[in-house]
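Survey of secondary and tertiary structure
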Amino acid sequence: MTEPLLVTEQLEVVYGEVVRAMQGVSLAVAEGTVVALVGLNGAGKTSTLRAISGFLPAEKAEITDGAIRFAGRSIRGLRPDQTARMGIALVPEHHKVFTTLSIHENIEIGWRGRRSIEGATPKITLSNVYDLFPLLAEKRDRRAILVSGGERQLTAIAAALLSQPRLMMVDEVSLGLSPATASLVLSSLKALNRELGLSLLIVDQNVRAALEIADRGYIMENGLIVYDGTAETLMSHGDVQEFYLGVSGDERQSYRDVKQYRRTRRWWG
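A short tour of the structure in this document, coming up. Bear in mind the structure is a predicted one, so any value in this text is a computation, not a measurement. For every chain, the first residue of the written sequence is number 1, and numbering continues from 1 along that sequence. Since the coordinates come from a predicted model, pLDDT governs what is reported: local features require at least 70, and pairs of side-chain atoms require 80 or more to be given and counted, while whole-chain, interface and lining totals use all residues. Computation of side-chain values covers all heavy atoms of the structure but excludes hydrogens and water.

**Concerning the nonpolar core**
Only buried Ala, Val, Leu, Ile, Met, Phe, Trp, Tyr and Cys residues count toward a nonpolar core, and they belong to the same one when joined by side-chain atoms within 4.5 Å. Under the scheme applied here, a residue whose accessible area is under 20% of the maximum for its type counts as buried, over 50% as exposed, and between as partly exposed, the area being computed with a 1.4 Å probe on protein chains only. The biggest cluster of nonpolar side chains holds 51 residues, and the ones touching the most others in it are I107, V129, F133, L136, I157, M168 and L189. A total of 6 residues in this core trace back to one element, the largest contributor, which is helix α6 (residues 149–161). Only DSSP runs of H or I covering at least 4 residues are called helices, and only runs of E covering at least 2 are called strands; the numbering of each starts at the N terminus.

**What to know about the environment of Q205**
By secondary structure assignment, the location of Q205 is in the loop between β8 (199–204) and α8 (207–213). In this structure the C-alpha to C-alpha distance between Q205 and L37, which are 168 residues apart in sequence, comes to 8.8 Å. Beyond its immediate sequence surroundings of up to four residues, Q205 is in contact with G39, L40, N41, K45 and E172. Here a residue-residue contact requires only that any non-hydrogen atoms of the pair lie within 4.5 Å.

**A short note on the pattern of salt bridges**
One speaks of a salt bridge when a side-chain nitrogen belonging to Lys or Arg is within 4 Å of a carboxyl oxygen belonging to Asp or Glu. Scanning the entire structure with this criterion turns up 9 salt bridges. The partner of E172 in a salt bridge is K45, and the shortest N-O contact between them spans 3.7 Å. Pair noted here: E172 is in the loop between β7 (167–170) and α7 (179–196) and K45 is in helix α1 (residues 45–53), with a separation of 127 residues, a long-range link. Take E172: its relative accessible area is 3%, and that puts it in the buried class. Exposure remark for K45: the relative accessible area of 3% places this residue in the buried category. The partner of D81 in a salt bridge is R79, with the nearest N and O atoms 3.0 Å apart. Assessed through its relative accessible area of 35%, D81 is described here as partly exposed. Because the salt bridges share partners, they merge into one network encompassing E3, E9 and R69.

**Points about α7**
One less than the residue count of a helix, multiplied by 1.5 Å, gives the span that helix is expected to have. For α7, which comprises 18 residues, the first-to-last C-alpha distance of 25 Å matches the rise-based estimate of 26 Å (1.5 Å per residue) to within 8%. Residues of α7 that are buried include every one of A182, V185, L186, S188, L189, A191, L192 and N193, and no others. Tucked inside the fold, the buried residues of α7 contact β3 (34–38), α4 (129–132), α6, β7, β8 and α8. Backbone geometry just downstream of α7 places G197 in the positive-phi region, at approximately 70 degrees.

**Section: the sheet that holds strand β1 (residues 6–15)**
Only when DSSP finds a minimum of two bridges between them are two strands counted as paired. A sheet is described by the order of its strands in space; here 4 strands give the open sequence β2-β1-β4-β5, paired in antiparallel fashion. Each edge of the open sheet is held by one strand with a lone partner, namely β2 (19–29) and β5 (73–74). Where β1 and β2 come together, 7 bridges link them in antiparallel fashion. Within the sheet, the bridge partner assigned to L11 lies in β2 and is V25. This element, α1, spans β1, β2 and β4 (61–70) of the sheet and lies at about 110 degrees to β1. Throughout, an axis means a line fitted to C-alpha atoms (over the contacting stretch in the case of helices), and angles, computed between N-to-C directions, take values from 0 to 180 degrees.

**Observations regarding the packing of aromatic side chains**
Note on aromatic pairs: the rings of Phe, Tyr and Trp (six-membered ring only in Trp) are paired at centre separations within 6.5 Å, and the planes decide the class, stacked below 30 degrees, edge-to-face beyond 60, tilted for the rest. If you walk through the whole model with that rule in mind, you get 1 aromatic pair. An angle of 70 degrees between the planes, with centres 4.4 Å apart, marks the rings of F243 and Y244 as edge-to-face. Side by side, F243 and Y244 carry an identical accessibility label, which is buried.

**Topic: the pairing of strand β9 (residues 216–221)**
Across the 6 residues of β9, 5 count as buried, placing the element largely inside the fold. Here β3 pairs with β9 via 4 bridges, running parallel. Bridging across to β9, V35 finds its partner in R216. Summarising the sheet, β9 and strand β10 (residues 224–230) pair through 6 bridges and their orientation is antiparallel. By the bridge assignment for β10, M220 is matched with I225. Hairpin connection of β9 to β10: 2 residues between the antiparallel strands, including N222 at a positive phi of 50 degrees.

Next up, the structure:
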């Protein structure tokens with residue numbers, strides 16, 4: 001049986017030799033699929049992406065246990081430039097674009113870095129990337145600081161795509177975006193998966209929106225994976241509906257009810 005494109009096994013991350021941000025995190029992203037890693041703020045989602053991409057040392061953190069494999073090779077402890085050459089692109093939570101540059105100049109940065117990917121034959125070029133992102137084509141000469149948050153998000157995704165990745169990881173896809181704009185960005189990501197076969201690992205606090213485009217999902221709390229399964233299974237799970245979607249039976253719960261549930265819930269397989 002072929003191993004998934006990305007695998008983490010019992011991954012543990014510690015910040016400042018004191019704070020354990022991740023405890024035994026195991027997940028997988030099969031080639032050509034969309035996987036959602038969801039949970040509340042501080043659950044350890046961003047730490048997971050940084051551990052995979054090699055950005056942890058910048059945060060005074062380190063992997064203390066576990067394994068990470070990409071395309072069958074160990075990548076635990078590799079630098080960001082090394083994971084990028086292997087075909088992993090990270091769209092971070094903050095500082096996604098250079099605000100003083102135009103949209104086109106930001107996208108061009110991704111094109112300039114394309115030759116760093118090992119063995120990559122460019123599928124997307126600077127000339128045809130705008131076919132995938134027509135909204136950006138209209139504003140290509142506008143400085144990034146003057147466009148919307150959703151357009152900056154799409155710009156960062158387009159630039160990452162031009163590096164010819166096999167796996168794109170997008171951190172907090174819908175953070176700071178209106179529901180309509182977040183839906184547009186998520187739909188664009190799903191289109192990239194469907195049309196290009198791009199593998200995606202998406203992190204978001206918006207559980208419903210992320211699972212709606214995902215094939216599989218993982219729910220993370222306090223550095224642990226507490227539940228995983230197909231997106232359909234997670235969306236129909238009673239605890240997920242009650243705690244993350246605010247729905248009990250056929251009725252939507254109040255904020256007070258959901259807060260009470262946070263204190264009393266238990267996860268069952």
